[in-house]
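Commentary on secondary and tertiary structure
Spelled out from the first residue to the last, the chains are:
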Amino acid sequence: MKKVLVIDDEQIVRISCERTLAPEGYEVTSASSTNEGLELFENNSFDLILLDIKMPDMDGIEALKKIKAARPETNVIMITGYSTVDTAVKTLKLGAINYIEKPFTPDILLAAVKEVFDT
Amino acid sequence: MKNIIRHPQKSLAAKLIIAIGLLMVIGSSVFWYAIFQKQEKDLSAIAVRYGGSLVNFIKEGTRDSMLAGHRSAIQQTLEDISIAEGVERVRIFDHKGKISFSTFREDIGKTVEKDSLSCRACHSDTEKSYELLQEPRKNSIYKAPDGFTALKLVEPVYNESSCYISKCHVHSREQKIIGFIEVDTSLALLDEAKLKQGLALIAYVFIFIVVISISLGIILYKIVSKPVSELTHGMEKIAAGDFNYSVPIKSEDEMGTLARTFNSMIKDIKAARDQREVWTHTLETEIAKKTEEIQKTHAGLVQTEKLASLGRMAAGVAHEINNPLTGIVTFAYLMKKNVSPESQEAEDLNVIIEQAERCSKIIKNLLAFARAAPSEKGRISINKVLAQTIYMVQNQEKFYNIKFEINMDESDFTTLGDASQFQQIFLNMIINAADAMNGRGTITIATRKITVNDKPYVEIAFSDTGCGIPEENLSKLFEPFFTTKPVGKGTGLGLSVSHGILKNYGGQIEVKSTIGKGTTFFIKLVLIEE
């Protein structure tokens, strides 16, 4: 079973991810802040991290840098409210596999997640 | 002329006339007085000459009677002579003053008073009769008791042989002067003549001065006073601001030169003033232009700032709304999985998903307006993008009844940016134009090169023949969500997004509209010169 960590300050987004991914056979863990997420990341092993760019305590991009610095092989998909190419390109350059724009449908999320494990 | 008479102290001509008049009065008085004196002297000399000849006549007329001793004949001769006009008295007396003959018989035998003019003619000191004057005054003019002047002539009769050898033996041989003939004549006629002459002279002088003064006055008025007053009048006119006035003096003298110089000076002043007025006007126009530009820029800045803050707010709101939308969409999907695809519930859930997606679209547009970040910056051919956009719409049903008029500049304008964003803007303009005309009319698209603040720009004008935009809506046009289109037809984001994109590329968008005639949008983009 693939382990997925969702880091987003919005509860509804975390629940949406859980409710979309869990039925598909993913083990979903949620964190409501970057710090909490990073702590979970340090103490556990995840196959994929869904990381929101805009977070109150720490910028998602900063968190991405830390994750990639600790374990570069970690798969990260960015969740962005700012659907701009600039931000996306930036996160991709920093090592993110993909990014999905809010609001996303379960189909989009699933397609992105599946793509990670299929390749 | 009035000034000369009323205020002589204020008139140059009057001063000159008074000065010259006074000099003439003094000069002519001295001259005429000298002439008068000379004439008087000449008349007196003539009187003396005639008097002298009268004395000689008496001397010769009585000579024979004297020698013959005929005393009565001598007396008779004297009385005859005294009848002549002007002869007052004739006397003959000896050197001691004893009167032997006189036209006044009562005087005969008397002695002439020693102090009288008769004795003083020859003697300086009448008490010592022997002291004679070097040059005896044989004649003297004196004032007669009747008030007129009179001439007294005293002629000595010298001793000669016929006298002392005559039978009467009255005179001895030793005697040098044997007697004196004295004639008193009245000069009353002369006095009268002199008085008349004097009066005539005074009259002549007076008339002369009056005539000269009037002539001088007229001459001075013509050559000095009138030109000066015309110059003064001219200066007053100029002082009052009438620079078109010129002094009408045509003479060739100093006054003419002064007037010509004055006129030329006024011409120069007028030219300078006109130039200054032109400058002032230009300056005013320039200031008005600049003020308008500043106001426009200010309004633009206010609008930009307003839109920017609206954009920031919209971005925040959009970001926040995205989260619940994700939830709505996700849960609608999840629920849909649990119902039959044919059921009413499935249909309802589709409505929820569609509407949530609509929300998402609106938010995307809003974010596009808020950020309008350049995506792929590259060299863009304006003409090409425009042509593509027009081609895209021309075959759509909406544009069947719309005529396109394309007035593109021959040169291909190049700018830096994202072609798809420009296409979005142009499309927006064309769709708006079509909506404003209710799908019927002409859309004119024109391009031209312009210069703003020394920088080259391409101006793309989109004109429609639509209903026009009311004045009160013009300022709100670029605000997000402002729309006059029916609900559901427009989001009110098209123009605000266009504005945001253009701002990012350093471009501008302006609008001019006339109600009932149409609207023109001007898009200005920075031009890259090849």
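All residue numbers refer to positions counted from 1 along the written sequence of the respective chain. Throughout, the order in which chains and ligands are written sets their labels, letters from A for the former and numbers from 1 for the latter. Owing to the predicted nature of the model, reporting of local features is limited to residues with pLDDT of at least 70; listing and counting of side-chain atom pairs is limited to 80 or more, with chain, interface and lining totals taken over all residues.

For the rest of this paragraph, the subject is the overall build of chain A. What chain A contains, in helices and strands, is five helices and five strands. Scanning chain A from its N terminus toward the C terminus, one meets helices and strands in the order β-α-β-α-β-α-β-α-β-α. Exposure criterion: with C-beta atoms placed from backbone coordinates, a residue whose C-beta has 20 or more other C-beta atoms within 10 Å is buried, one with 12 or fewer is exposed, and one in between is partly exposed. Classification of the 119 residues of chain A by burial places 43% in the buried group. By definition, residues are in contact whenever their C-beta atoms, placed on the basis of the backbone, come within 7 Å of each other. Sequence separation of 24 or more characterises 57% of the internal contacts of chain A that already satisfy a separation of 6 or more. Helix and strand assignments follow DSSP, with helices taken as H or I runs no shorter than four residues and strands as E runs no shorter than two, numbered in order from the N terminus.

The next point concerns the nonpolar core. Only buried residues count toward a nonpolar core: Ala, Val, Leu, Ile, Met, Phe, Trp, Tyr and Cys, linked into one set through C-beta atoms within 7 Å. One finds Ile382(B) and Phe462(B) to be the most contacted residues of the largest nonpolar core, which totals 34 residues. Of all elements in the fold, only helix 7 (254–337), helix 8 (344–371), helix 9 (382–394), helix 10 (419–436), strand 9 (441–452), strand 10 (455–464), helix 12 (494–504) and strand 12 (518–526) of chain B reach the threshold of two or more residues within this core. A per-element tally of this core places helix 10 of chain B first, with eight residues. Every residue in contact with Phe462(B), bar those within four places of it in the chain, is listed here: Met429(B), Ile430(B), Ala433(B), Ile443(B), Ile445(B), Thr520(B) and Phe521(B). Counting residues in hydrophobic clusters, the runner-up holds 31 residues, among them Val4(A), Cys17(A), Ile79(A) and Phe104(A).

This brings us to the interface of chain B and chain A. In this complex, chain B contributes 18 residues to the contact, which on the side of chain A involves 17 residues. Taken together, the elements giving at least two residues each to the side of chain B that touches chain A come down to helix 7 and helix 8 of chain B. Among the elements that line the side of chain B that touches chain A, the one with the most residues is helix 7 of chain B, at eleven residues. For this classification, the nonpolar set comprises Ala, Val, Leu, Ile, Met, Phe, Trp, Tyr, Cys and Pro, the charged set comprises Asp, Glu, Lys and Arg, and every other residue, Gly included, is treated as polar. Its residues placed into classes, the side of chain B that touches chain A shows eight nonpolar, eight polar and two charged.

It is worth spelling out the sheet that holds strand 4 (residues 149–158) of chain B at this point. Residue and element names in this part refer to chain B. Read across the sheet, five strands follow the order 2-1-5-4-3 without closing on themselves; strand pairing throughout is antiparallel. Across the chains shown, the open sheet's two edge strands, defined by having one partner strand only, are strand 2 (99–102) and strand 3 (139–143). The sheet shows a mean angle of 20° between the axes of neighbouring strands, taken without regard to direction. In the sheet, strand 1 (residues 87–93) pairs with strand 2 via three bridges, with the strands oriented antiparallel. In the strand pairing of strand 2, Ile-92 is matched with Phe-101. Pairing between strands is defined by DSSP: at least two bridges between the two strands are required. Helix axes use the C-alpha atoms of the stretch in contact, all axes being lines fitted to C-alpha atoms, and the angles between their N-to-C directions lie in the range 0 to 180 degrees.

What follows deals with the pairing of strand 1 (residues 2–7) of chain A. All names here are of chain A. Where strand 1 and strand 2 (residues 26–31) come together, six bridges link them in parallel fashion. Residue pairing for strand 2: Ile-7 is matched across the bridge by Ala-31. Whether a crossover is right-handed depends on one test, that the path from the first strand over the helix to the second runs clockwise when the strands point away from the viewer. Where the polypeptide runs from strand 1 across helix 1 (residues 11–21) and back to strand 2, its parallel neighbour, the crossover connection is right-handed. In terms of strand pairing, strand 1 meets strand 3 (residues 48–52) through four bridges, oriented parallel.

Right, let's get into the sheet that holds strand 2 of chain A. All names here are of chain A. Reading across from one edge, 2-1-3-4-5 is the order of the five strands in this open sheet, with parallel pairing throughout. With partners counted over all chains shown, the strands left at the sheet margins are strand 2 and strand 5 (98–101), one partner each. Going from strand to strand, the sheet's axes swing by 20° on average, the running direction of each strand aside. Sitting on the sheet, helix 5 (residues 106–118) is in contact with strand 1, strand 3, strand 4 (75–80) and strand 5, with an inclination near 175° to strand 5.

To continue, consider the packing of helix 10 of chain B against helix 12 of chain B. Residue and element names in this part refer to chain B. Two elements in contact, helix 10 and helix 12, have axes separated by 10 Å at closest approach and are oriented at 145°. For the pair helix 10 and helix 12, the crossing hand works out as left-handed. Contacts between helix 10 and helix 12 pair Gln-421, Ile-425, Asn-428 and Asn-432 from the former with Gly-494, Leu-495, Ser-498, Ile-501 and Leu-502 from the latter. Looking at the contact of helix 10 with helix 12 residue by residue, the classes come out as four nonpolar, five polar and no charged. By definition, turning the near helix anticlockwise from the far helix through less than a right angle yields a left-handed crossing, and turning it clockwise yields a right-handed one.

In this section: helix 2 (residues 34–43) of chain A. All names here are of chain A. Along helix 2, the residues that are buried comprise Thr-34, Gly-37, Leu-38 and Phe-41. For helix 2, the angular spread of buried residues about the axis comes to 100°, placing them on one side. When the buried face of helix 2 is taken as reference, the exposed residues oriented beyond 90 degrees from it are Glu-39 and Asn-43. Contact partners of the buried residues in helix 2: strand 1, strand 2, strand 3 and helix 3 (60–70). Arc, as used here, means the arc of the directions from the helix axis to the C-beta atoms.

Once that is clear, we can look at the confidence of the model for chain B. pLDDT expresses, on a scale from 0 to 100, how confident the predictor is about each individual residue. Summing up the model confidence of chain B, the mean pLDDT is 84 and the portion of residues at 70 or higher is 92%. The ipTM assigned to the predicted complex is 0.86, against a pTM of 0.43.

Our next topic: the pairing of strand 1 of chain B. Residues and elements named next belong to chain B. Note: strand 1 against strand 5 (residues 177–186), six bridges, orientation antiparallel. Bridge pairing in strand 5 links Phe-93 to Phe-180. Where strand 1 folds back on strand 2, the antiparallel hairpin that results is connected by five residues, among which Gly-97 adopts a positive phi of roughly 95°.

As a further point, take helix 9 of chain B. Residues and elements named next belong to chain B. Taking 1.5 Å per residue as the helical rise, helix 9 with its 13 residues ought to reach 18 Å, and the 18 Å between its terminal C-alpha atoms agrees with that figure. Looking only at helix 9, the buried set comprises Ile-382, Val-385, Leu-386 and Thr-389. The arc enclosing the buried residues of helix 9, seen along the axis, measures out at 100°, which places them on a common side. Set apart from the buried face of helix 9 by more than 90 degrees, the exposed residues are Tyr-391 and Gln-394. Along its buried surface, helix 9 packs onto strand 6 (378–381), strand 8 (414–417), helix 10, strand 9, strand 10 and strand 12. For a helix, the expected span equals 1.5 Å multiplied by the number of residues minus one.

Our next topic: the packing of helix 2 of chain A against helix 3 of chain A. Two quantities define a packed helix pair, namely the angle between the axes and the distance from one axis to the other. Residues and elements named next belong to chain A. Where helix 2 meets helix 3, the axes come as close as 11 Å, and the angle between the chain directions of the two elements is 10°. By the angle between their axes, helix 2 is roughly parallel relative to helix 3. Of the residues in helix 3, those in contact with Thr-34, Gly-37, Leu-38 and Phe-41 of helix 2 are Ala-63, Lys-66 and Ile-67. Partitioned by chemical class, the residues of the contact of helix 2 with helix 3 number four nonpolar, two polar and one charged. When describing relative orientation, an angle under 35 degrees is termed roughly parallel and one over 145 degrees roughly antiparallel, while 65 to 115 degrees is termed roughly perpendicular and anything else oblique.

This brings us to the environment of Gly466(B). All names here are of chain B. By secondary structure assignment, the location of Gly-466 is in the loop between strand 10 and helix 11 (471–474). The exposure class assigned to Gly-466 is buried, which follows from the 22 C-beta atoms found within 10 Å. Gly-466 sits 51 residues away from Lys-517 along the chain, and the two C-alpha atoms are 6.2 Å apart. When near neighbours in sequence (up to four residues on either side) are disregarded, Gly-466 contacts Ala-433, Ala-436, Met-437, Gly-441, Gly-518 and Thr-519.

Once that is clear, we can look at unusual backbone geometry. Excluding glycine, a negative phi dihedral is what most residues carry, and trans is how most peptide bonds are arranged. With an omega of -5°, the peptide bond between Lys102(A) and Pro103(A) qualifies as cis. Assignment of secondary structure puts Pro103(A) in the loop between strand 5 and helix 5. Backbone geometry at Asn453(B) places phi at a positive 50°, although glycine is not the residue there. Structurally, Asn453(B) is set in the loop between strand 9 and strand 10.

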